[in-house]
Structure formats: C-alpha cells, structure tokens
Amino acid sequence: MANWLWIGSSGLLCFQWIGIHFAGLHLLPHFEALSSGLAIFGAAFMLSWAAELSQKDIPQALAIALLALIAVLPEYAVDMYFAWTAGKDPKYTAFAMANMTGANRLLIGVGWAAVVFTYWLRSGKRAVKLEPGHRVEIFYLGLATVYSFIIPLRGKLDFLDAAVLIIIFIFYMRAASKAEHIEPELEGPCKLIESWGEVPRRFFTALFYVFSGFTIFIAAEPFAEGLLATGRTFGIEEFILVQWLAPLASESPEFIVAILFALRLQPGVSMGALLSSKVNQWTLLIGMLPVVYAISAGHGGGMYMDTRQVEEVFLTAAQSLFAVAVLANLSFSVLEAAVVFLLFSTQLFFTDPEFRFYYSIFYVVVAVGLMLLNGDTRDGVCRLFARTPATQSSSGAETSHCIDGKERD
C-alpha cells in the first residue's frame, strides 16, 4: 500500500502542473513557482526509481549517466533559453553565463556536501568511499576541467569550445556504457514493479523516464521565472537571481535523487549521479550554449564575455579542479565536504570582483598542493591520467602502472 501511495503521490504532483500548463492558466508568480516546483519534486522521485530499475538491464554507470542527463533537463531548458535570447539580445549572454556557473558551483558546493552529511547522519560513517568504477566520471570531469581554464583566457565561447567539450561528453557516455553490469537490490516502489515481471518493469522504467523528463522540461522555466519575479520585489540584482535562484529550481531533482540514495545507504550511487551531472553540465551544457547562440544569431562569432563573466567562469573552473583533487583518492570525508561547502557559501557574502579572483587562486593552489604533497591524492590523480580510466578485471580488481613505474594492485 505504501509503495502505491508513493507512486500515486508523485504522479499527482506532476499532473497538477501538466493540467495548469495545458489549460493555459496564468498564476501569480509565487503560486506558479510553488506549483511547478512541486511537479519537479514529484518527477525527481520517478527519476530515482527509473535509474534503479534501469540497472537491471544496463550497466550501473550508464544508468546513472542517463539519470543525470535527464535530471539536468531543467538546467538545459533554462540556459538554452538564455543562450537563444542572447542571439537576439546580447545582454542575455550574461544571464546564460550566470545560470551555467551558478548551477555548476551549486552542484559541488551544496549537492556533493549534502550527500556526505546525509550519509554521515544516517550511518555514522565519516566518509563516503567510492568504487573504482567512479574513476570514469572523475577522469572525464578532469579532462573537461583542464580544458575549461582556456575559456576565460579566450574571453568567449564558440564552436571550438563546443567541439572539444561535446567530444569529451561523447567519450564519457561511451565509457559509461562499457562499465561492468552490477545487479542491484531494489527497494520500495521499484521492488513492487520488479515483481510484475520483465515486460512491465521495462515499460514502467521507460514511462518514468519519459514522463518525469517531460514534466521537468515544462516546469523548469516557469519555476525559475516565478522565483525571479518574486525575488525582484525585494530589489535583488538580476544577475544574482539568475545565478542562484534559477539553478536552485533546476538542480532540485538531482539533489533530491542523490539524497534519497544516501538515505538508503547507497552513497556511491548518490555521488555517481552528482558526478555524472557535473560532467554533463561541464561538457554538454557549456558546449551547447555557443551552438544555440549561433543558430539564433545567424552567425558563428561566439558568445563574448565581459570581465565579470570571465571571472565567474574562472572561479567555476577552479572549484571544479579542487573537486577533482578531493575525489581523486575515491574518498570524500565529512571534513572535506565541510571545506567544500564553506568555500562555496562564503563566496556569497563577498560581491567585490577581487574576491572571486582570490577564491579562484585559493582553489587552484590547494588543488595543486593536494596533488603534489598528499600521497593518496597524487596516486589517485596519477591513476586517472596515466591511462584511460583504470581498467578492471572480471574479478573487479584494478591495476595501475602509476607510481615510480612499478605495478600496483
């Protein structure tokens, strides 16, 4: 009965917004934000169930990658809207960059930390240990991060950036599809659906993906716009609203899904989902911006950034580098999560541009310091970049020819 209640409640939360959307009703901004936000909340549960059910048929890493891709649909919808409008009105370039950088920093600064804190409170364990297979996500995030430092140096996003980042994303999806197939233990509504047999299970898996993805797609923009309209009454700068409030709307499905997995004592799946989301947003999302802009503008000149946008992209790249260094040893402790969260949250209190530069340099210095001075981090980074993400034998054992040319198991 409880499982049916979960499924029915999630469906109703989605349907109430779908009805409002197709009826063409125009609500007051705060009611529109509430209604569409509840729809996104319900769809997030369906996404978590679809991801779990998918693991019965495809590799876990690919299932998580697909979950992350669908979960970031709200972010894509909002940012593609800004990029398209920027092709007609260049001032919207700032909003596209604000939304993209805010979403990426929020994902690491709040999402990753929330998983560790949730798991710690639920289990008492002070660190999340990742399986070696998660080196796939960390490796491709590292590649995209190294390239991303070129973007602020060039001062624009164009087809070159699109080509490099989209190629990294394609290789990431290809690697995820070849990961080892691990049979999951299903719980809750997923266990109920699995008991119906293979054909119904696959049908509901596809239904959950499509239905939740569609709900998030049509609810994301009105949720963000409703929040923005409500926030403007307090005289808050539009750039700040777009950078933080809009991503809060679009990132909520990913956070909810990740926290649910952490509460079920599956922190590896939680971190895998958020890692995959970060790879998605730091490759495909950024890569699509200049493509959509060029189609709208009718030329391929690229999206030129002003000084503030350059600083924001540099800060986001620096935070990403720090995140790769922290996860390189496949461990994320409560202390590390606290540092990640504090570095993110304290930025919000310093609006002077020079502080963005200070934080960026600090991220880079600490990341490089960890890679050079910490043995576990240095070994982890070496395993990431000395070869394509470390291969695994059929028994799951991992080998690396990383340290001092000697083979290690």
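All values reported here derive from a predicted model rather than from experimental measurement.

1. Regarding a nonpolar patch on the surface
Okay, step 1: A contiguous nonpolar surface patch, about 550 Å² in accessible area, is contributed by Leu25, Leu27, Leu28, Phe31, Leu34 and Leu38.
Okay, step 2: Structurally, the position occupied by Leu28 is in the loop between α1 (2-23) and α2 (29-54).

2. Focus on helix α5 (residues 92-123)
Okay, step 1: Taking 1.5 Å per residue, 32 residues should reach 46 Å; α5 reaches 45 Å between its end C-alpha atoms and fits that length.
Okay, step 2: When the local axis directions of α5 are compared, the greatest deviation, roughly 30°, occurs at Leu107.
Okay, step 3: In terms of burial, α5 is largely enclosed, as 24 of its 32 residues are buried.
Okay, step 4: Phi for Gly124, located one or two positions after α5, is positive at around 85°.

3. Things to note about the layout of surface pockets
Okay, step 1: One number sums up the size of the second largest pocket: a volume of about 220 Å³.
Okay, step 2: Along the walls of the second largest pocket sit 14 residues, with Ile240, Gln347, Leu348, Phe350 and Arg356 positioned nearest its centre.
Okay, step 3: Of all the secondary-structure elements, those providing two or more residues to the lining of the second largest pocket are α11 (238-263), α13 (307-327) and α15 (353-373).
Okay, step 4: A per-class count over the lining of the second largest pocket returns 7 nonpolar, 3 polar and 4 charged.

4. Observations concerning the nonpolar core
Taken as a class, soluble globular proteins show a tendency for nonpolar side chains to be buried jointly.
Okay, step 1: The biggest cluster of nonpolar side chains holds 86 residues, and the ones touching the most others in it are Trp112 and Phe332.
Okay, step 2: Tallying contributions element by element places α5 first for this core, with 14 residues.
Okay, step 3: Ranked by size, the runner-up nonpolar core spans 33 residues in total, among them Ile40, Leu53, Ile216 and Ile256.

5. Quick notes on the pattern of salt bridges
Okay, step 1: All told, the structure shown has 8 salt bridges when counted by the stated rule.
Okay, step 2: Note that Arg154 is salt-bridged to Asp158, the shortest N-O span being 2.6 Å.
Okay, step 3: Salt bridges sharing partners connect three or more residues here, namely Arg105, Glu311, Glu312 and Arg356.

6. Overview of the environment of Gly87
Okay, step 1: Position of Gly87 relative to the elements: it lies in the loop between α4 (73-86) and α5.
Okay, step 2: With a relative accessible area of 18%, Gly87 lands in the buried category.
Okay, step 3: The spacing of Gly87 and Ala294 is 207 residues in sequence and 6.7 Å in space, taken between C-alpha atoms.
Okay, step 4: In contact with Gly87, not counting residues within four places along its chain, are Tyr293, Ser296 and Ala297.

7. Here we look at α13
It helps to recall that an α-helix has 3.6 residues per turn; residues three or four apart then point in one direction.
Okay, step 1: For α13, which comprises 21 residues, the first-to-last C-alpha distance of 31 Å matches the rise-based estimate of 30 Å (1.5 Å per residue) to within 8%.
Okay, step 2: The residue sitting at the N-terminus of α13 and contributing the capping side-chain oxygen is Asp306; that oxygen lies 3.2 Å from the backbone nitrogen of Arg308.

8. A short note on the packing of α13 against α15
Okay, step 1: Where α13 meets α15, the closest approach of the two axes is 8 Å, and the angle between their N-to-C directions is 25°. Comparing the axis directions of α13 and α15 gives the class roughly parallel. As α13 runs across α15, the sense of the crossing is left-handed. For the pair formed by α13 and α15, the contact residues are Arg308, Glu311, Glu312, Phe314, Leu315, Ala318, Gln319, Leu321, Phe322, Ala325 and Val326 on the first element and Pro353, Arg356, Phe357, Tyr359, Ser360, Ile361, Tyr363, Val364, Val366, Ala367, Leu370 and Met371 on the second.
Okay, step 2: Its residues assigned to classes, the contact of α13 with α15 shows 17 nonpolar, 2 polar and 4 charged.

9. Quick word on the packing of α13 against helix α14 (residues 334-347)
Okay, step 1: α14 packs onto α13 with a crossing angle of 175° between their chain directions and a minimal axis gap of 11 Å. Considering their axes alone, α13 and α14 lie roughly antiparallel with respect to each other. For the pair α13 and α14, the contacting residues are Leu315, Gln319, Phe322 and Val326 in the first and Glu336, Val339, Val340, Leu343, Phe344 and Gln347 in the second.

10. Side note on the packing of aromatic side chains
Okay, step 1: Using the criterion set out here, one finds 24 aromatic pairs in the structure.
Okay, step 2: Consider the rings of Phe139 and Tyr140, whose centres lie 4.9 Å apart with planes at 85°: the pair is edge-to-face. Of the two residues, Phe139 and Tyr140, neither departs from the other in class, the shared state being buried.
Okay, step 3: Ring pairing ties together the aromatic residues Trp4, Trp6, Phe41, Phe45, Trp49, Trp196, Phe203, Phe204 and Phe208, which thus form one cluster.
Okay, step 4: When the ring centre of Trp282 is taken as origin, the NZ or CZ atom of Lys278, which lies over that ring, is 4.4 Å away.
Okay, step 5: Positioned above the aromatic ring of Phe239 is the side chain of Arg308, whose terminal nitrogen or guanidinium carbon lies 4.0 Å from the ring centre.

Scoring rules and cut-offs
Residues numbered from 1 in each chain as written. Predicted model: local features only at pLDDT ≥ 70, side-chain atom pairs only at ≥ 80, totals over all residues. Heavy atoms only, no water. Patch = residues over 30% accessible without salt bridge, like charges linked within 9 Å, V, L, I, M, F, W, Y side chains within 5 Å. Areas by Shrake-Rupley, 256 points an atom, 1.4 Å probe, with all protein chains shown as cover. Salt bridge = Lys/Arg side-chain N within 4 Å of Asp/Glu carboxyl O. Helix = DSSP H or I, 4+ residues; strand = E, 2+ residues; numbered from the N terminus. Expected span 1.5 Å × (residues − 1). Bend = angle between axes of the 7 residues up to and from the residue. Buried < 20%, exposed > 50% of the residue type's maximum accessible area, 1.4 Å probe, protein only. 1 Å grid on protein atoms, 1.4 Å probe; cavity = no way out; pocket = protein on both sides within 12 Å on 5 of 7 lines; lining within 4 Å. Points joined across faces, edges and corners; volume = space filled by probe spheres on them. Nonpolar A, V, L, I, M, F, W, Y, C, P; charged D, E, K, R; others polar. Core = buried A, V, L, I, M, F, W, Y, C linked by side-chain atoms within 4.5 Å. Contact = heavy atoms within 4.5 Å. Polar contact = N/O pair within 3.5 Å; in protein donor to acceptor, adjacent residues only side chain to side chain. Axes fitted to C-alpha atoms, helices over the stretch in contact; angles between N-to-C directions. Parallel < 35°, antiparallel > 145°, perpendicular 65-115°, else oblique. Left-handed = near helix turned anticlockwise from the far one by under 90°. Phe/Tyr/Trp six-rings, centres within 6.5 Å; stacked < 30°, edge-to-face > 60°. Lys NZ or Arg CZ within 6 Å of the ring centre and 35° of its normal.

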